[in-house]
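Okay, here's what each chain looks like letter by letter:
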Amino acid sequence: MNGFAILAIYAVVMITATLIFTKKEKNVERFCVGSRKENWIMSALSIAATWIWAPALFVSTEKAYANGFVGLFWFLVPNVLCLILFIPFAKRIRREMPEGITLSGYMRDKYKSDGVKRVYLFQLMGLSVLSTGVQLLAGGQVLSVATGTPFELVTVLLAIIALSYSLFSGIKASMLTDAIQMAFMLAASVAFLIMAIRAGGTSGILEGIHGISGNYTSFWSEDGIDVFLAFGLPTTIYLLSGPFGDQSFWQRAFAVKSNRIDSRVFCWSDTIRTGAVLYGYSRIHRGRDWISGERSWCYQF
């Protein structure tokens, strides 16, 4: 399908859903955190989609392909634990600052210091700019390679589409479109799994469970320890700390019902996200078929 057609369909679906299910928001507080009583199901889907960066889909597939279950474990488990670890902090900040909007604002009130606020603003804004750049560049690259559409143009159009519905109703538009995107990712994950089973059966997936080389048979083997030291340890540190430095998670903590900042929202988002990221396993055996080619499934996705 032509790249412009894909973008047009994406824009129509997201903007139409925003116009139908949300209202134009002019109040600053409601623009940022909604009614503070957002539905827990949509909140869980939104949090899951927020945490699945474009690189997550690349990395989960590449590690499953190269290092089998060992590599996928060290990417998947910290991804799940990070939100469980985030729950008590989200509950505390909501309890201590029920009308809050940002982490930087909470820190200013907590320590009575504008200097502290500026430090947090610098970090939060820097991460937001860089993460947005990563998402746009990775998404633009995928669509460009898949459709032949110019990379620069695709990237700019993706930014315009996201900005157009976000400016309409703020956090509500973001959470709604996140939920739609997450539903699509789950459907795609199921489709990939079915395709993998039909192509090579479950035996094809099991053949790749120890990686393309077949050497990753245990967490405690020499190769397994190498994966932990080179990938698992730094990835775990990064992922466990990730939500704490990302304003989008604090913003959703302020937007959801206060009595739902618990396992219902964050653990369900973990379950949903796990289902999407686990599609990496469905691609393991395909990597064996493509190893002699010019591309890998990791690159395609």
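## Some words on the overall build of the protein chain
Helix and strand content of the protein chain: 14 helices and zero strands. Overall, the protein chain shows an N-to-C arrangement of helices and strands of α-α-α-α-α-α-α-α-α-α-α-α-α-α. When burial is assessed residue by residue, the protein chain has 43% of its 301 residues classed as buried. Considering only intrachain contacts with a sequence separation of at least 6, the fraction spanning at least 24 residues in the protein chain is 81%. Carbon and sulfur atoms make up 68% of the accessible area of the protein chain, which totals about 15200 Å².

## Side note on the side chain of T236
Mapped onto the fold, T236 is located in helix α9 (residues 222-241). Given the relative accessible area of 17%, T236 is considered buried. With near-sequence residues (within four places) excluded, T236 lies in contact with W74 and P78.

## Concerning the packing of helix α1 (residues 3-21) against helix α7 (residues 151-169)
Contact pair α1 / α7: the axes reach a minimum separation of 9 Å and the direction vectors enclose 5°. Here α7 runs roughly parallel to α1, going by the angle between their axes. Across from F4, L7, Y10, A11, M14, I15, T18 and L19 in α1, the residues of α7 making contact are L153, V154, L157, L158, I161, S164, Y165, F168 and S169.

## Topic: the pattern of salt bridges
Taken as a whole and judged by the stated rule, the model has seven salt bridges. Taking the shortest distance from any N to any O, the salt bridge between R36 and E99 comes out at 3.6 Å. Of the two residues, R36 sits in the loop between α2 (28-33) and α3 (40-51) while E99 sits in the loop between α4 (54-96) and α5 (103-111), which places them 63 residues apart along the sequence. Between K110 and E96 there is a salt bridge, and its shortest N-O distance comes to 3.3 Å. Taken as a pair, K110 in helix α5 and E96 in helix α4 lie far apart in primary sequence, 14 residues in all. One continuous salt-bridge network, built from bridges that share partners, spans E29, R36 and E99.

## A look at the nonpolar core
Of all hydrophobic cores here, the largest spans 41 residues; its most connected members are W51, I93, L103, Y106, M182 and F249. Within the residue set of this core, elements represented by two or more residues are α3, α4, α5, α8 (171-207), α9 and α10 (247-255). Looking at this core element by element, the count peaks at nine residues for α4.

## Some thoughts on α9
Think of an α-helix as turning once every 3.6 residues; residues three or four places apart then point the same way. For α9, built from 20 residues, the straight-helix expectation of 28 Å at 1.5 Å per residue is met to within 8% by its first-to-last C-alpha distance of 28 Å. Roughly 45° is the biggest bend found in α9, and it falls at F228. Contacts made by the buried residues of α9 are with α3 and α4.

## Describing unusual backbone geometry
One non-glycine residue, R36, lies in the positive phi region at around 65°. Although it is not a glycine, K112 sits at a positive phi angle of roughly 50°. Residue placement: K112 occurs in the loop between α5 and α6 (114-147).

## Digging into α7
Compared with an ideal rise of 1.5 Å per residue, which puts 19 residues at 27 Å, α7 spans 29 Å between its outermost C-alpha atoms and is within 8% of the ideal. Turning to α7, its buried residues are V154, T155, L158, I161, Y165 and S169. Axial view of α7: buried residues confined to an arc of 130°, hence all on one face. Structural note: α7 exposes E152 and I160 on the side pointing more than 90 degrees away from its buried face. With its phi angle positive at about 65°, G170 sits one or two positions after the end of α7.

## Section: the environment of G68
Tracing the sequence through the fold places G68 in helix α4. Residues G68 and Y216, 148 residues apart in the sequence, show an inter-C-alpha distance of 6.5 Å.

## Regarding the confidence of the model for the protein chain
Summing up the model confidence of the protein chain, the mean pLDDT is 81 and the portion of residues at 70 or higher is 85%. Per-element confidence in the protein chain ranges from a low mean pLDDT of 32 for helix α14 (residues 297-300) to a high of 93 for α5.

Basis of the calculations
Residues numbered from 1 in each chain as written. Predicted model: local features only at pLDDT ≥ 70, side-chain atom pairs only at ≥ 80, totals over all residues. Heavy atoms only, no water. Helix = DSSP H or I, 4+ residues; strand = E, 2+ residues; numbered from the N terminus. Buried < 20%, exposed > 50% of the residue type's maximum accessible area, 1.4 Å probe, protein only. Contact = heavy atoms within 4.5 Å. Areas by Shrake-Rupley, 256 points an atom, 1.4 Å probe, with all protein chains shown as cover. Axes fitted to C-alpha atoms, helices over the stretch in contact; angles between N-to-C directions. Parallel < 35°, antiparallel > 145°, perpendicular 65-115°, else oblique. Salt bridge = Lys/Arg side-chain N within 4 Å of Asp/Glu carboxyl O. Core = buried A, V, L, I, M, F, W, Y, C linked by side-chain atoms within 4.5 Å. Expected span 1.5 Å × (residues − 1). Bend = angle between axes of the 7 residues up to and from the residue. Arc of directions from axis to C-beta. pLDDT = per-residue confidence, 0-100.

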